[in-house]
Amino acid sequence: MAGARVTLWAICVLRGALATVYFQEEFLDGERWRNRWVQSTNDSQFGHFRLSSGKFYGHIEKDKGLQTTQNGRFYAISARFKPFSNKGKTLVIQYTVKHEQKMDCGGGYIKVFPADVDQKNLNRKSHYYIMFGPDICGFDIKKVHIILHFKNQYHANKKPIRCKVDAFTHLYTLILRPDLTYDVKIDGQSIESGSIEYDWNLTSLKKEKSAESKDWDQAKDDKAQDWEKHFLDASASKPSDWNAELDGDWQAAMLQKPPYQNGLKPEGIDKDIWLHQKMKSTNYLMQYDLSEFENIGAIGLELWQVRSGTIFDNFLITDDEGYAEHFGKATWGETKGPEREMDAIQAKEEVKKAREEDEEELLAGKFNGHENFFNRFHRRDEL
């Protein structure tokens, strides 16, 4: 087992040399985590975090993470890293979350922020790029949020993605690819995937797309007419008996069919060329910008919990899906089994203790019964 663990970490190191790891946090250096994470002071009533592996765990040190400590509180904390852009690259966001208190109502999600986020004043109104992770409240809400910020609006995934609701640690992974595909994994297994273009509520984007199509149709007609004028018979004149009402608008005959030129077709202008010109002149944003963020620079927890006790750990932001997979196996994958074993042992001990307490109460009740009978018997003799 130890050899397998060493091999797994060796693979992680090798993949790490090939991947770009923007942020990675395992809380393995004790209380020094406080030098990297900033607690928001925006509200004096914000709840506080502590470093804990919980009541049951797979490894007392490796499973330590940020744990919420106060019931009925908002929480806001974040960590900064070197800013980057994921333009043209895959973006992988991954972490583990454990609702040890068996969450009844509260968030277990994370947020990715632009580099200029004010960490000291982090709050519900702070602008973020991505929100991802589980949210549980009552019987109705047990979902995985995926919210992306685009064109000054937040867009949520339309597909219902169910989260885990037990008290064990689970691994959550979000993958956004430059080809506008995405993948959501829980515990290393893909549970939802598809197209960012079609699986998000992009109402404003669709309106712009519709307007773009109208602009394109008009531009195509105009360009086609302008292009064809170069091939008309300039010496031709309209016949004297031409009736516009009956014969329509008169147009001179073409000397030849307009040929292709610079990739342009006779019926107009290539759409990609037209859009390129439009982008140059108006700084127009295309659909593929939806999954691109220019100034990613912080990750944080900004959420509400009715009952505290959730533990967040093994944060990772990278551009390599393979590295994220191996990192997940080397962290959560190594401790998930022992964690469940420890929970099972504790459960058996609790059952055993409860039975012993019941037996003690039963014996105490019988003893009290005999004592009461003895007292009654002697009182009767005294009478």
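Data block above holds the structure.
Residues numbered from 1 in each chain as written. Predicted model: local features only at pLDDT ≥ 70, side-chain atom pairs only at ≥ 80, totals over all residues. Heavy atoms only, no water.

Let's talk about the overall build of the protein
Stated formally: Comment: elements are numbered from the N terminus, with helices defined as DSSP H or I runs of at least four residues and strands as E runs of at least two. Contacts are assigned to residue pairs that have any heavy atoms within 4.5 Å of one another. Computed with the Shrake-Rupley method and a 1.4 Å probe, the accessible areas treat only the protein chains shown as cover for residues.
On a plain count of helices and strands, the protein comes out with seven helices and 16 strands. Taking the contacts inside the protein whose residues are at least 6 apart along the sequence as the reference set, 70% of them involve residues at least 24 apart. Counting every atom, the protein has about 21900 Å² of accessible surface; 51% of that belongs to carbon and sulfur.

Things to note about the side chain of T173
Structurally, T173 is set in strand 12 (residues 169-176). Those residues in contact with T173, other than ones at most four positions away along the chain, are V92, I93, Q94, F132, D183, V184 and K185.

A word on the nonpolar core
Basically, it comes down to this: Among the buried residues, those of types Ala, Val, Leu, Ile, Met, Phe, Trp, Tyr and Cys that are joined through side-chain atoms within 4.5 Å form a nonpolar core. Accessibility here uses a 1.4 Å probe with only protein chains present; expressed as a share of the type maximum, an area under 20% marks a residue as buried, one over 50% as exposed, and anything in between as partly exposed.
Core analysis: the largest hydrophobic core is formed by 58 residues, its most contacted members being W37, I130 and F315. Per-element accounting of this core gives the leading share, six residues, to strand 5 (residues 73-84). Apart from residues lying up to four places away in sequence, W37 is in contact with F23, E25, F27, L66, I77, S78, A79, I299 and F315. Among the nonpolar cores identified, the runner-up in size contains seven residues, and I175, Y323, A324 and F327 belong to it.

Points about the environment of G133
Structurally, G133 can be placed in strand 9 (residues 130-137). In this structure the C-alpha to C-alpha distance between G133 and Y172, which are 39 residues apart in sequence, comes to 6.9 Å. When residues no more than four places from it in sequence are discounted, the contact partners of G133 are Y95, Y109, K143, V144 and H145.

Comments concerning a negative patch on the surface
What counts here: Any residue with relative accessible area above 30% and no salt bridge may belong to a patch, with like charges joined within 9 Å and the nonpolar Val, Leu, Ile, Met, Phe, Trp and Tyr side chains within 5 Å. The working definition used for a salt bridge is a side-chain nitrogen of Lys or Arg within 4 Å of a carboxyl oxygen of Asp or Glu. Charged-residue counts in this description rest on Lys and Arg as positive and Asp and Glu as negative, His and the chain ends being excluded. Lysine's charge is taken at NZ, arginine's at CZ, aspartate's at CG and glutamate's at CD.
On the surface, E356, E357, D358, E359, E360 and E361 cluster together to form a negatively charged patch. Position of E359 among the secondary structure elements: in helix 7 (residues 332-382). The exposure class assigned to E359 is exposed, which follows from its relative accessible area of 51%.

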